[in-house]
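# Results of the structural survey
Chain by chain, the residues:
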Amino acid sequence: MMLRRVTTTKLRIGMFLHAVEASWLKNPFWRSRFAITEESQIAALREAGVEMVVIDLDRGLGDISTETAPKTISAKTRNFATERAEAAAVIARSKETIQGFFDAARLGGTVQSEAVRAVVDDITGSVLAHPHTLLGMVRLKSKDEYTYMHSVAVCALMVNLARELGLAVDMMHDLGLAGLVHDIGKMMIPDVILNKPGALDDDEFAIVRTHPDRGGEMLLRALNMPQVAIDVCLHHHEKIDGTGYPDRLEGEQISLAARMGAICDVYDALTSDRSYKGAWSPAEALAAMHGWKGQFDPVVLFAFFQSIAIFPPGMLVRMRSGHLAIVLSNGRRASRPQVRLFFDIAENRLIRPRDIVLATSGSSREIVIEEAPESWHVHDWPALQEHLQREATSLDIADINRLWHGTALPQTDGLALRTPDPRDRPPEQRPH
């Protein structure tokens, strides 16, 4: 990617805007990256007082001025400190606004969606510009500010997941708003219950379980509140298997928006410090969520993994390179996730295990789908899963063969080459 800084006086239709060098309040657009297709877009930037922007030469026209060329910069040189400062400013403004919004709701006032739409625009712009910076920072919240920052975090996670799913821009905004107000019903739950350091008794839990309905009632009275926000508020505690609340909906009875909200809500809750528990690492949270069969939509959950570029350790996955791999644990470190390749799908054979770091979308080092071990007729997946996650120096090639095939097979370079070809199986048994 080749980027160039130019003044707004040199902008013209056909250029691709990569970044606006101004505060979020000054930026007239919620998006930071888009193609310039109208003169009105250029005029809006100038009228807002924006003097300098960054254009992407690979995705649009360049500056053809005969004046001294502005400095060309690489995307790799983007100032991370600046990203963090921008994200911190977005979080601070969002927290202040949502706190006032929730406090008004607690006092029985009528809530208005317009009061928080600017926050959604701010968060959406930040997520689209540098998602991992914002999403990483919203996790750093204290127990005392959880109520408000949880809403900000779920808003950001919903926008990020909507982008991963390829949803329309208008829907992305509404889903962000849904994330921001999904827990507004908790304003009617006594703090002594919400902040109780120990386990809730049956009566207290029954009171907490009323918050979706109470929130839904508040949002139904609100002005210009999109239906999707009301739906997420009412149903973000429903479960795919029908054991959730308040309406015990199951499967397709639960909207896509509510299924997204359930995942984003639980993930942020698990990775946050609470009055009754410490924060889990992202990998620990995702491993638990992946194991709670029947709670979440598995397709949407996998999209969520992709949206934050973190996957549960031990998951069997197909790589874009055409290999099967197992996701490795990073412990509690914040380093980039790694996988261990061990099977070549095209050649239909085990290979000597090799570790790689996951890369961005479109790379051969990208995870494309979760694979079911039973689809590959693995002899003993639990044991093989445990073995493949060992330190690389302790891997035993003979054991890998035995656990995959169930019997000792002829070796080539220490590995059995063949496994039953999935193309020979009935269609319902083929991996996908």
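Every value quoted in this text rests on a predicted model; they were computed, and no experiment measured them.

One open sheet accounts for five strands, arranged 9-8-7-6-10; its pairing is antiparallel. At either end of the open sheet lies a strand with only one pairing partner, and these are strand 9 (349-357) and strand 10 (367-370). When strand polarity is set aside, the average angle formed by the axes of neighbouring strands in this sheet is 35 degrees. Of the pairings in the sheet, the one linking strand 6 (residues 316-319) to strand 10 comprises three bridges and is antiparallel in character. Each residue of the ladder has a partner; that of Arg318, found in strand 10, is Ile369. With respect to the sheet, helix 14 (residues 381-388) is in contact with strand 6, strand 7 (323-327) and strand 8 (338-344), its orientation differing from that of strand 7 by roughly 75 degrees.

This part is about the packing of helix 3 (residues 114-129) against helix 6 (residues 169-181). Contact pair helix 3 / helix 6: the axes reach a minimum separation of 9 Å and the direction vectors enclose 115 degrees. What the angle tells us is that helix 3 and helix 6 run roughly perpendicular. As helix 3 runs across helix 6, the sense of the crossing is right-handed. Counting all contacts with helix 3, which are made through Val116, Arg117, Val119, Val120, Asp121, Ile123, Thr124 and Leu128, the residues of helix 6 involved are Met172, His173, Asp174, Gly176, Leu177 and Leu180. Across the contact of helix 3 with helix 6, the residue classes tally to eight nonpolar, three polar and three charged.

Attention shifts here to the packing of aromatic side chains. One pass over the structure, following the stated rule, counts nine aromatic pairs. Considering the side-chain rings of Phe302 and Phe311, the 5.9 Å spacing of their centres and the 55 degrees angle between planes classify their relative orientation as tilted. Taken together, the ring pairs connect Phe342, Phe343, Trp376 and Trp404 into an aromatic cluster. Of note, Arg274 hangs over the ring of Tyr146, and the distance from its end group to the ring centre comes to 3.9 Å.

The next thing to look at is the nonpolar core. Across soluble globular proteins, you tend to see nonpolar side chains buried next to one another. Within the largest apolar cluster, 78 residues are counted, with the highest numbers of intra-cluster contacts made by Ile123, Leu180, Ile184 and Phe304. Looking at this core, the element that brings in the most residues is helix 5 (residues 146-164), giving 12 residues. Excluding residues that lie within four positions of it along the chain, Ile184 makes contacts with Phe101, Phe102, Ala105, Val111, Gly215, Met218, Leu219 and Cys233. Residues Leu324, Ile326, Phe342 and Leu350 belong to the second largest nonpolar core, which totals 17 residues.

Before going further, it helps to examine the side chain of Glu366. Residue placement: Glu366 occurs in the loop between strand 9 and strand 10. Of note is the side chain of Glu366, whose polar atom sits 2.8 Å from the side chain of Arg320.

Relative to the assigned elements, Ala87 resides in helix 2 (residues 80-106). Separated by 50 residues in the primary sequence, Ala87 and Met137 place their C-alpha atoms 7.6 Å from one another. Residues contacting Ala87, with those up to four places away along its chain left out, are Ser126, His130, Thr133, Leu134 and Met137.

Attention now moves to unusual backbone geometry. A cis geometry characterises the amide bond from Tyr245 onward to Pro246, with omega recorded as 10 degrees. Inspection of the secondary structure puts Pro246 in the loop between helix 10 (227-235) and helix 11 (256-270). Positioned with a positive phi, Arg248 is a non-glycine residue whose angle comes to about 50 degrees. Locating Arg248 in the fold gives a position in the loop between helix 10 and helix 11. Residue Arg248 is classed as exposed on the basis of its relative accessible area, which comes to 54%. Positive phi, close to 55 degrees, is recorded for Asn348, a residue that is not glycine. Examined against the element boundaries, Asn348 turns out to sit in the loop between strand 8 and strand 9. Residue Asn348 is classed as buried on the basis of its relative accessible area of 2%.

The subject of this paragraph is the pattern of salt bridges. Within this structure, the stated rule accounts for 14 salt bridges. Between Lys95 and Glu145 there is a salt bridge whose closest N-O contact spans 2.8 Å. Highlighted residues: Lys95 in helix 2 and Glu145 in the loop between helix 4 (131-138) and helix 5, separated in sequence by 50 residues. What makes Glu145 buried here is its relative accessible area of 19%. One salt bridge connects Arg349 with Glu347, and the closest N-O pair in it is separated by 2.5 Å.

Reading the values: the criteria
- Residues numbered from 1 in each chain as written.
- Predicted model: local features only at pLDDT ≥ 70, side-chain atom pairs only at ≥ 80, totals over all residues.
- Heavy atoms only, no water.
- Pairing = 2+ DSSP bridges.
- Helix = DSSP H or I, 4+ residues; strand = E, 2+ residues; numbered from the N terminus.
- Axes fitted to C-alpha atoms, helices over the stretch in contact; angles between N-to-C directions.
- Contact = heavy atoms within 4.5 Å.
- Parallel < 35°, antiparallel > 145°, perpendicular 65-115°, else oblique.
- Left-handed = near helix turned anticlockwise from the far one by under 90°.
- Nonpolar A, V, L, I, M, F, W, Y, C, P; charged D, E, K, R; others polar.
- Phe/Tyr/Trp six-rings, centres within 6.5 Å; stacked < 30°, edge-to-face > 60°.
- Lys NZ or Arg CZ within 6 Å of the ring centre and 35° of its normal.
- Core = buried A, V, L, I, M, F, W, Y, C linked by side-chain atoms within 4.5 Å.
- Buried < 20%, exposed > 50% of the residue type's maximum accessible area, 1.4 Å probe, protein only.
- Polar contact = N/O pair within 3.5 Å; in protein donor to acceptor, adjacent residues only side chain to side chain.
- Salt bridge = Lys/Arg side-chain N within 4 Å of Asp/Glu carboxyl O.

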